[in-house]
Amino acid sequence: MRNCVLFAATVLLTLALGISCSPGAEPTATPVPTATPTPLTVGLPTITAPATPTRDAVVATPTAAPTATATPVPTVQPQRGGIIIQYGSGDPRTLDINQETSVLPLGYATGIYNTLVRIDSERLPAERVIIGEAAESWTVNENSTVFTFKLHKGITFHDGKPLTSADVKATIERLKTPPQGVISPLSTQFRTVAGVDTPDELTVVIRTSAPTGYMMAQLALPTSSIAPKHIVDVDQKALEKKPVGSGPFVFKEWNKGVDIKLSRNDSYWAQGTEKLPYLDGIQVLVIPENAQQVAALRTGRVHMTGFGGRGLSEDEAKQVAQTNPEIRIIQYKSTTTGPVQLNMTQPPFNDFKVRKAISLVWDQTKLLQLSGAGELGDFTGGISLTWALDKSYLLQFPMYRGVKAEDIAQAKALLAEAGYSTPLELEYLIADRYLVGSERNMGVLSDSGLFKLTGKVVTYPAPWTDITRQLNYKITSGSIIKPLYDPTSQLSTYVAGDPENRVGLNDPQLESLFQQIGSAADFAVRKKLTDQFQKRLFEEIIPGFPASSGYQHNAFRPEVRGWTHHGILRDNFHFERVWLAK
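Residues numbered from 1 in each chain as written. Predicted model: local features only at pLDDT ≥ 70, side-chain atom pairs only at ≥ 80, totals over all residues. Heavy atoms only, no water.

Colleague: Help me out: how do you make sense of the packing of aromatic side chains in this one?
Modeller: Within a pair of aromatic rings, the relevant descriptors are the distance that separates the centres and the angle that separates the planes. Scanning the entire structure with this criterion turns up 10 aromatic pairs. Above the face of the W254 ring, K256 is positioned so that its terminal group lies 4.9 Å from the ring centre. In this structure, K535 packs its charged tip against the face of Y393, placed 4.9 Å from the ring centre. (Phe/Tyr/Trp six-rings, centres within 6.5 Å; stacked < 30°, edge-to-face > 60°. Lys NZ or Arg CZ within 6 Å of the ring centre and 35° of its normal.)

Have a look at this one:
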């Protein structure tokens, strides 16, 4: 018998229910035998636990129910062997998973590592259930400030060294306060960690300075994978090109511009009687051109689209469904957004009047018509669904109600006041992966007649990521990673010092609101503070404006078996139960 905690969410309220579960059985509600702690209520429900060891916790997905077109596959016993081949649109910046939330390294490298807990792929997409991975069990105190984990015995890294509580402690400290030269995209979310204790080799205690209801969901992220202390203590850069983890697959080689290869970990600690993983290995082919990627899928050169990288566009998915009905296609919504960003540290966007002017002529309604994707509420200042600003508020602004002649006239006057004649010439930094969307954005801005944009195309993720982090651009758009559906993650983009803050924003009032959001437990309080944060961005700062909120399409040839729907991007990349029908 195993214990678990179920959290069911409506759009505006999270309820905590105690349930008991047995392997293979659907959970049924029963009274909780111990006092149930008050959950911290967030859009994507946070995970808390009673004072007894907990294996499972359920969190509802905030996305719309995914759709899939598939040829029914008969249930057969998994077969061992074979190398699954997928495509990637380019080389990742690094294979050090702690330094990335970008989908490229997550798709390539997550199977190498283990996290303390993870999302159970077997229950996706109906429910997102957190189960133990390196952690055999855990407890969370009543106000979500103390998280105690018991590790499985006998976990070893690929080099044979044991995984212990010291590795977990070193990883969390590395994520919170990255050493010089290391980038931690989760540093803002881990800032509440006050300390990590290791009473023995198999016990980890994480203490936080404020209630941190999203901690369990955060620890399930691939970016929170456990790094080997004995390696990073010697060289913090060692995992960037030669990753070492404890997961089902071992890094084999990285041929830049060609492929990345992983092989089966024959000594995988979690394989049990099933002898996981089933595959001999994974190969990711670097195929930059979209048309070549689709051709490789259709002809069987690859078994699946680049999971975690570029999948299929909506048009490509429709075409493949028509020409290759045997290929399974899954659509899902990513929490990643693609806003237009304005570099506030350089002219002309260091002047609020120019930022205000460009926002007045940004016609979101026209963009939605052109792209055919997204709902109004999905396109706020970088946060959506439960935490989004109310539509009645958004419709006050030209970008949402539609740009009128008087808006263009006001924008022109503001540009004149700032000392700029029209059309104002701007260089738009284009990430090659987002070429179509960027060109669409440029067209929407140019339609006003007040701006003349020329594009500069660079490769994504590098050097686009480096250029934007160094604030060496004027205006751009690209992927902003939102790994958690919580305002502490969604809004961290606008917090000083966050790696995703690529607009140079440093605002004490926003900093104060962000701290209050992270510490508040009541949903209504958090929602009010989150609204205040967004309204200040929208009305008084304008670091950019919404452009896209992505839908993803992944496709699998019929020989790919054992793949369960991944729910939200970044939920599951391990591939340990995926197999190939021969």
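Having seen the structure, we can now continue with the description.
Colleague: Is there a simple way to explain the pattern of salt bridges in this structure?
Modeller: Here the idea is simple: oppositely charged side chains can pair when their charged atoms come close. This structure, assessed with the given rule, holds 22 salt bridges. Its salt-bridge partner being R174, residue D96 comes within 2.7 Å of it at the nearest N-O pair. With D96 in the loop between strand 6 (83-88) and helix 1 (103-109) and R174 in helix 2 (residues 165-176), this pair connects stretches of sequence that are 78 residues apart. For the pair shown, D96 and R174 are each scored as buried. (Salt bridge = Lys/Arg side-chain N within 4 Å of Asp/Glu carboxyl O. Helix = DSSP H or I, 4+ residues; strand = E, 2+ residues; numbered from the N terminus. Buried < 20%, exposed > 50% of the residue type's maximum accessible area, 1.4 Å probe, protein only.)

Colleague: Where do I start with the nonpolar core in this structure?
Modeller: As a rule of thumb, soluble globular proteins bury nonpolar side chains together. The biggest cluster of nonpolar side chains holds 61 residues, and the ones touching the most others in it are V117, F149 and I206. Looking at this core, the element that brings in the most residues is helix 3 (residues 215-219), giving four residues. When near neighbours in sequence (up to four residues on either side) are disregarded, V117 contacts I130, I131, G132, E133, A135, W138, F149, M216, L219 and A220. (Core = buried A, V, L, I, M, F, W, Y, C linked by side-chain atoms within 4.5 Å. Contact = heavy atoms within 4.5 Å.)

Colleague: What is the right way to read the side chain of K527 from this model?
Modeller: Turning to its location among the elements, K527 is positioned in helix 17 (residues 523-541). When its relative accessible area of 15% is taken as the criterion, K527 is described as buried. A polar contact is formed between the side chain of K527 and the backbone oxygen of A388, at a distance of 3.3 Å. With residues up to four places along the chain from it excluded, the contact list for K527 reads T386, W387 and A388. (Polar contact = N/O pair within 3.5 Å; in protein donor to acceptor, adjacent residues only side chain to side chain.)

Colleague: Looking at this structure, how should I read the packing of helix 8 (residues 352-360) against helix 12 (residues 405-417)?
Modeller: If you want to describe how two helices pack, look at the angle between their axes and the distance between the axes. For the pair helix 8 and helix 12, interaxial distance at closest approach is 8 Å and the crossing angle is 160 degrees. Judged on the interaxial angle alone, helix 12 and helix 8 are roughly antiparallel. Crossing of helix 8 against helix 12: the hand is left-handed. On the side of helix 8, the interface is formed by K353, V354, K356, A357 and L360, while helix 12 contributes D407, Q410, A411, L414, L415 and E417. Split by residue class, the contact of helix 8 with helix 12 holds six nonpolar, one polar and four charged. (Axes fitted to C-alpha atoms, helices over the stretch in contact; angles between N-to-C directions. Parallel < 35°, antiparallel > 145°, perpendicular 65-115°, else oblique. Left-handed = near helix turned anticlockwise from the far one by under 90°. Nonpolar A, V, L, I, M, F, W, Y, C, P; charged D, E, K, R; others polar.)

Colleague: Looking at this structure, I do not really get helix 16 (residues 508-519). What am I missing?
Modeller: Given a rise of 1.5 Å per residue, 12 residues ought to cover 16 Å, and the 17 Å separating the end C-alpha atoms of helix 16 matches this to within 8%. All of the buried residues in helix 16 are L510, E511, L513, F514, I517 and G518. In an axial view of helix 16, the angular spread of the buried residues amounts to 165 degrees, which keeps them on one side of the axis. Buried residues belonging to helix 16 abut helix 15 (487-490) and helix 17. (Expected span 1.5 Å × (residues − 1). Arc of directions from axis to C-beta.)

Colleague: What am I meant to see in the side chain of E511 here?
Modeller: For E511, the location among the structural elements is in helix 16. An unpaired buried charge is present at E511: no salt bridge exists, and R191, the closest side chain of opposite charge, is 4.3 Å distant. Among all residues touching E511, those that are not within four sequence positions of it are R191, V495 and A496. (Lys, Arg positive; Asp, Glu negative; His and termini not counted.)

Colleague: Explain the packing of helix 6 (residues 290-299) against helix 7 (residues 314-323) to me, please; I cannot follow it from the model alone.
Modeller: At their nearest, the axes of helix 6 and helix 7 sit 12 Å apart, and the two run at 25 degrees to each other. It follows that helix 6 is roughly parallel to helix 7 by the angle criterion. Seen along the crossing, helix 6 lies across helix 7 with a hand that is right-handed. From helix 6, N290, V294, L297 and R298 reach across to helix 7, where they touch E316, Q319, V320 and T323. A class-by-class count of the residues in the contact of helix 6 with helix 7 yields three nonpolar, three polar and two charged.

Colleague: Hey, could you run me through the sheet that holds strand 11 (residues 193-200) in this one?
Modeller: Think of a sheet as strands paired side by side through backbone hydrogen bonds, with each pair either parallel or antiparallel. As summarised here, the arrangement of the four strands in space is 9-10-12-11, forming an open sheet in which the pairing is antiparallel. The open sheet has two edge strands, strand 9 (135-140) and strand 11, and neither has a second partner. Between one strand axis and the next, the sheet turns through 15 degrees on average, direction left out of account. On the sheet, helix 2 packs against strand 10 (146-151), strand 11 and strand 12 (203-208) and is oriented at approximately 170 degrees with respect to strand 11. (Pairing = 2+ DSSP bridges.)

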